[in-house]
Amino acid sequence: MSVSKPKKSTSYSRPAAATHRSKSSKTQSQGNPKHSARRPARKTTKPRAEKPIIVLFNKPFDVLCQFTDEQGRQTLKDFIPIKDVYAAGRLDRDSEGLLLLTNDGQLQAKITQPNKKTFKTYWVQVEGQPSESALASLRQGIELKDGFTLPAKVEIIESPVIWPRNPPIRERQNIPTTWLQIEICEGRNRQVRRMTAHVGYPTLRLIRYKIGQWSLDDIANGEYRVVSDKSSTANF
């Protein structure tokens, strides 16, 4: 089943220290504290692939974001038979949607480093009907245990046309649910779930729809698409 974008709801390591001293300075500085000059940290540049490729994968629920698992759980290897590609960022086992894999180290770094401001878009089904004050808090940034979040783009959307989850979410009788679209450029551990819980609306289902310029459009759940056009990776 392919994905259809929903409409907006009208309701709404430290280097070793180096010491350089001449014989004369050694004599003059006896009895004084030693001073060491710290070398500047090296900037490591990740390799640029000669033939960069991008794999866009629609990760199902309960699949690990890695290629091996000693416990025999489902991994990326069960779905993607392509060698030498690695996930740019992670997607929790209980989350679904877009995972980007690449053989390009520079592209991987751009996507995962917060200072690069690569926005990720999530479709989030929460329990209850979020108030305007709760939405405003998410947009402005909230304080979690690991610090304040950056401002997010948050809006209520209609239920997206998506695949059924297996197993289905557990909904409580007589308690409505709401779909939100949340855009963030950070990648903290389980950040979106913690954000919605903090304002009183627990996340029931979380689907990553978009990473930068790439989206889930026309990729069925459990399927992948390869992007090998060099210009599309170089311009990112």
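For the structure itself, look to the data block above.
Sequence order as written defines residue numbering, which begins from 1 separately in each chain. Where local features are concerned, this predicted model is filtered to residues with pLDDT of at least 70; where side-chain atom pairs are given and counted, the filter is 80 or more; whole-chain, interface and lining totals use all residues. Only hydrogens and water are set aside when side-chain values are computed; all heavy atoms of the structure are taken into account.

Novice: When you look at helix H3 (residues 132–140) in this model, what are you seeing that I'm missing?
Specialist: An α-helical segment advances 3.6 residues per turn. Residues three or four places apart therefore align on the same side. To sort residues, take the accessible area from a 1.4 Å probe on protein chains only and compare it with the maximum for the residue type: under 20% means buried, over 50% means exposed, and anything in between is partly exposed. What counts as a helix is a DSSP run of H or I of at least four residues, what counts as a strand is a run of E of at least two, and both are numbered from the N terminus. Along H3, the residues that are buried comprise Ala-134, Leu-135 and Leu-138. Taken end-on, H3 shows its buried residues confined to a sector of 100°, consistent with a single buried face. Exposed residues pointing more than 90 degrees away from the buried face of H3 are listed as Ser-133 and Gln-140. Should any heavy atoms of two residues lie within 4.5 Å, those residues are counted as being in contact. Considering only its buried residues, H3 is in contact with strand S9 (153–157), strand S10 (177–184) and helix H4 (191–198). Directions pointing from the helix axis toward each C-beta atom define the arc.

Novice: How should I be thinking about the nonpolar core in this particular structure?
Specialist: A general trend in soluble globular proteins is that nonpolar side chains are found buried together. Throughout, nonpolar core names a set of buried Ala, Val, Leu, Ile, Met, Phe, Trp, Tyr and Cys residues whose side chains join them through atoms within 4.5 Å. Ranked by internal contacts, the top residues of the largest apolar core, which has 20 residues, are Leu-56, Leu-100, Trp-123 and Trp-214. Elements supplying a minimum of two residues to this core: strand S3 (54–59), strand S5 (96–102), helix H2 (105–112) and strand S11 (203–211). For this core, the element with the most residues is S11, which contributes three residues. For Leu-100, the residues in contact, after removing those within four places along its chain, are Ile-54, Val-55, Leu-56, Tyr-86, Ala-87, Ala-88, Ile-111, Ile-211 and Trp-214. Ranked by size, the runner-up nonpolar core spans 19 residues in total, among them Val-124, Leu-135, Leu-144 and Val-154.

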